[in-house]
Amino acid sequence: MLDYYIVDAFTHNPFGGNPAGVVILDEQPFPNEQIMQLIAAELRYSETAFIRTPGPTKYHARYFTPQGEVDLCGHATIAAFALLYSLGKASGQCDLHTLAGELAIVVDHQVLMQMAAPSIVHTLSHQESKAVYQSVGLDDYGSLPAMIVSTGLPDIMLPINQVEELNQLKPNMEAVAMLTQRLRAVSIHAFALSNDGHIAHVRDFAPAYGIPEESATGTANAALTHYLATQHLITIPSECTFLQGETMGRPSVITTRISTDGTIYVGGEAYIVGEGKLRI
């Protein structure tokens, strides 16, 4: 049997934030990929993290959506380490091995994870931008460029003029899935800058991975932090908060920190909702 947990990441309240499945393996090896995929499909969360603890401060994680494995998932990592902290299995500086690379995690009352080195993967052409805007129900517009940015996973950063307009987006999920696959991106990460205590409000659409909309996205908000820095919209070093999940009824607060050398950490709090046994 395997222990599994339901953990809401990026919130300190139950039923807020972004829920993830977490399977704690301790020193056991990972189950085979088919079993992990079936578990993720059974739990039905956007991502399920499988995490091993091979050493006192060493951890190894793999992540599965209901459709397939992904190299890294920010909110599932926050969920997993908040859980490990509550179980007395993680504290302070931790080292995490993922398919996206080696990451540093800082664990106390909240969890902060170091992201992979940020990069601008691609600046969308006018035609590509127009197609992406149309896929979420808007015409092509705006002075800021649409870009694919990665801090472990490539996501399309899509600037929207106003928060109200962001909240009214009506994406065509079939078109979004087709475009993200064509552009080799995981999601469309739409954002509108704000001055209400958060740097931006955001929405994230990843239907190609079985996630029509996600209520909190660690990796994509880390990528957005890098995007904002390259556009000189934030100073470096800086700490940012992003508000996500409002239209889903699951408001989430994601914190990012960017240092003078460009290193980005993303994190927040988490709430453990439930637990159980997988009888396999």
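My aim in this report is to walk through the structure given alongside it, one point at a time.

Calculation notes
- Residues numbered from 1 in each chain as written.
- Predicted model: local features only at pLDDT ≥ 70, side-chain atom pairs only at ≥ 80, totals over all residues.
- Heavy atoms only, no water.
- Helix = DSSP H or I, 4+ residues; strand = E, 2+ residues; numbered from the N terminus.
- Rg over C-alpha atoms; globule rule 2.2 N^0.38 Å.
- Buried < 20%, exposed > 50% of the residue type's maximum accessible area, 1.4 Å probe, protein only.
- Contact = heavy atoms within 4.5 Å.
- Lys, Arg positive; Asp, Glu negative; His and termini not counted.
- Charge placed at Lys NZ, Arg CZ, Asp CG, Glu CD.
- Patch = residues over 30% accessible without salt bridge, like charges linked within 9 Å, V, L, I, M, F, W, Y side chains within 5 Å.
- Areas by Shrake-Rupley, 256 points an atom, 1.4 Å probe, with all protein chains shown as cover.
- Salt bridge = Lys/Arg side-chain N within 4 Å of Asp/Glu carboxyl O.
- Arc of directions from axis to C-beta.
- Core = buried A, V, L, I, M, F, W, Y, C linked by side-chain atoms within 4.5 Å.
- Phe/Tyr/Trp six-rings, centres within 6.5 Å; stacked < 30°, edge-to-face > 60°.
- Lys NZ or Arg CZ within 6 Å of the ring centre and 35° of its normal.

1. Quick notes on the overall build of the protein
Here is step 1 of the chain: Scanning the protein for helices and strands turns up six helices and 18 strands.
Here is step 2 of the chain: A compact globule built from 280 residues would reach a C-alpha radius of gyration of about 19 Å, and the protein, at 18 Å, matches this within 12%.
Here is step 3 of the chain: Once the C-alpha set of the protein is aligned to its principal axes, its extents read approximately 50 × 40 × 30 Å.
Here is step 4 of the chain: Here the protein holds 280 residues, and the buried ones make up 56% of them.
Here is step 5 of the chain: Intrachain contacts of the protein at a sequence separation of at least 6 include 65% that bridge at least 24 residues.
Here is step 6 of the chain: Each charge class in the protein can be summarised by its mean position, and for the 14 positive and 28 negative side chains these summaries are 6 Å apart.

2. With respect to unusual backbone geometry
Most peptide bonds are trans, and most residues other than glycine sit at a negative phi.
Here is step 1 of the chain: Cis geometry marks the peptide bond from I236 to P237, where omega comes out at 0 degrees.
Here is step 2 of the chain: Tracing the backbone through its elements, the reader meets P237 in the loop between α6 (218–230) and β15 (238–244).
Here is step 3 of the chain: Positive phi outside glycine occurs at D26, with the angle close to 55 degrees.
Here is step 4 of the chain: Assignment of secondary structure puts D26 in strand β2 (residues 18–26).
Here is step 5 of the chain: You will see that H232, though not glycine, has its phi angle at about 60 degrees, which is positive.
Here is step 6 of the chain: Note on placement: H232 falls in the loop between α6 and β15.

3. Some points on a nonpolar patch on the surface
Here is step 1 of the chain: A surface patch of nonpolar side chains, about 290 Å² in accessible area, is lined by F15, Y271 and V273.
Here is step 2 of the chain: The residue Y271 is located in strand β18 (residues 270–278) in this model.

4. Looking at helix α1 (residues 33–43)
Here is step 1 of the chain: Considered for burial, the residues of α1 that qualify are M36, Q37, I39, A40 and L43. Buried positions in α1, seen along its axis, are confined to an arc of 160 degrees and lie on one side of it. When the buried face of α1 is taken as reference, the exposed residues oriented beyond 90 degrees from it are Q34 and E42.
Here is step 2 of the chain: In the core, the buried residues of α1 are packed alongside β1 (2–9), β2, β3 (48–52), β4 (58–64), β5 (69–70) and β18.

5. Topic: the nonpolar core
Here is step 1 of the chain: The biggest cluster of nonpolar side chains holds 56 residues, and the ones touching the most others in it are I51, Y63 and F81.
Here is step 2 of the chain: In terms of residues, this core owes the most to one element, helix α2 (residues 74–86), which gives eight residues.
Here is step 3 of the chain: Grouped together as the second largest cluster of nonpolar side chains are 22 residues, V136, L138, A190 and F205 included.

6. A few points about the packing of aromatic side chains
Here is step 1 of the chain: The final tally for this structure, using the stated rule, is three aromatic pairs.
Here is step 2 of the chain: Between the aromatic rings of F191 and Y227, the centroid separation amounts to 5.5 Å while the plane-to-plane angle is 70 degrees, which identifies the pairing as edge-to-face. Separated by 36 residues along the polypeptide, F191 in strand β12 (residues 187–193) and Y227 in helix α6 bring together distant segments of the chain.
Here is step 3 of the chain: The exposure class of Y227 is buried, given its relative accessible area of 0%.
Here is step 4 of the chain: Across from the ring centre of F30, 5.7 Å away, lies the NZ or CZ of R62, which sits over that ring.

7. Brief notes about the environment of H97
Here is step 1 of the chain: With respect to the helices and strands, the residue H97 is situated in strand β6 (residues 92–98).
Here is step 2 of the chain: Each C-alpha atom of the pair H97 and K58 lies 7.9 Å from the other, and the pair is 39 residues apart in sequence.
Here is step 3 of the chain: Contacts of H97, omitting those with residues within four sequence positions, involve Y59, H60, A61 and E102.

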